[in-house]
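Report on the structure
What follows is the residue order along each chain.
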Amino acid sequence: MLREMATSYGRSPGGYLWAVLEPIGGLTVMTVAFSMAFASPALGNNFALFYATGYLPFMMYLDLSNKISKSIRFSRPLLFYPSVTYLDAILARFFLNALTHFLVFYILMFGIMTWFDTGNILDYAAILNSLCMVMAVSFGVGVMNCFLLTRFAIWERVWGIVTRPLFIISSIFFLLESIPQPFREYLAFNPLVQIVGEMRRGFYATYDATWVNPLYVYGISLILTVLGLVFLGRYHRELLNNN
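This write-up is about the structure you can find in this document. Computed from a prediction, not measured in an experiment: that's the story for all the values here.

Basis of the calculations
Residues numbered from 1 in each chain as written. Predicted model: local features only at pLDDT ≥ 70, side-chain atom pairs only at ≥ 80, totals over all residues. Heavy atoms only, no water. Helix = DSSP H or I, 4+ residues; strand = E, 2+ residues; numbered from the N terminus. Rg over C-alpha atoms; globule rule 2.2 N^0.38 Å. Buried < 20%, exposed > 50% of the residue type's maximum accessible area, 1.4 Å probe, protein only. Contact = heavy atoms within 4.5 Å. Areas by Shrake-Rupley, 256 points an atom, 1.4 Å probe, with all protein chains shown as cover. Lys, Arg positive; Asp, Glu negative; His and termini not counted. Charge placed at Lys NZ, Arg CZ, Asp CG, Glu CD. Salt bridge = Lys/Arg side-chain N within 4 Å of Asp/Glu carboxyl O.

Moving on: the overall build of the protein. When you go through the protein residue by residue, the secondary structure sums to 12 helices and 0 strands. Helices and strands appear in the protein in the N-to-C order α-α-α-α-α-α-α-α-α-α-α-α. Taking 18 Å as the expected radius of gyration for a compact globule of 243 residues, we find that the protein reaches 19 Å, a close match to that expectation. Counting only C-alpha atoms, the protein reaches 60 × 45 × 30 Å along its principal axes. Across the 243 residues in the protein, those meeting the buried criterion constitute 46%. For the protein, restricting intrachain contacts to residue pairs at least 6 apart in sequence, the fraction spanning at least 24 positions comes to 76%. Carbon and sulfur atoms make up 69% of the accessible area of the protein, which totals about 12700 Å². Taken as two groups, the 15 positive and 12 negative side-chain charges of the protein have centres that lie 14 Å from each other.

Laid out in structure tokens, this is it:
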């Protein structure tokens, strides 16, 4: 974890400051742009809070899954030491970056609700559940991709193409209820839509989001995690020697 901190945040000017400034920049652009185009957001009356409840979980997923997926590639020199395993590299990246995103999430949400005095009544259980779901999905996808990216060089390009539309279809800019059938049912299979729905249920007391199914999200996460760990356990030595 100390090595990860030094290499990821210690080499660039500003270090950890960029972890906060980047989402602030993204939220500012979305807030200004959409507030000029619409009279009010799809939920509530504050654009910054509405987009933060979708954008921050999405960015947490994107960053965590990408960094976990490159754990072996990033820590390859250390993995030749018998006392360091591929699981050490994965867990170090996961814990450090998850804690970083937790802190960023708290700072930005506290700042938005204080600055704009939104007065929202929070459901802390739903918010925590959403954060746990995004961590579980990020870990599962990251571990599975850790094997696939290292085993098949072309998978990085394929995955990038397949997941490019996620930013648009993960309900960051809209509510799932506003989508007509049957597309609403199709989008509900996206775990990120489930995560964002649960997050917004935690911040908006009037939003029920009864369609959210945490067991579905945790189930997918568990399957991906188990498959990824099984393949890594079987092939990690070959992956180290062949790359």
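What follows deals with the environment of Ala 205. If you trace the backbone, Ala 205 turns up in the loop between α11 (191–203) and α12 (214–242). Considered as a pair, Ala 205 and Tyr 186 are 19 residues apart in the sequence and their alpha carbons are 26 Å apart.

Following the criterion strictly, the structure yields 5 salt bridges and no others. Measuring nitrogen to oxygen at the nearest pair gives 3.9 Å for the salt bridge that ties Asp 123 to Arg 201. Taken together, the residues span a long stretch of sequence, with Asp 123 in the loop between α6 (86–115) and α7 (124–151) and Arg 201 in helix α11 at a distance of 78 residues. Looking at Asp 123, the relative accessible area reads 29%, which means it is partly exposed. Taking the relative accessible area as the measure of exposure, Arg 201 reaches 26% and is therefore partly exposed. Connected through shared salt-bridge partners, Lys 70, Arg 73 and Glu 156 make up one network.

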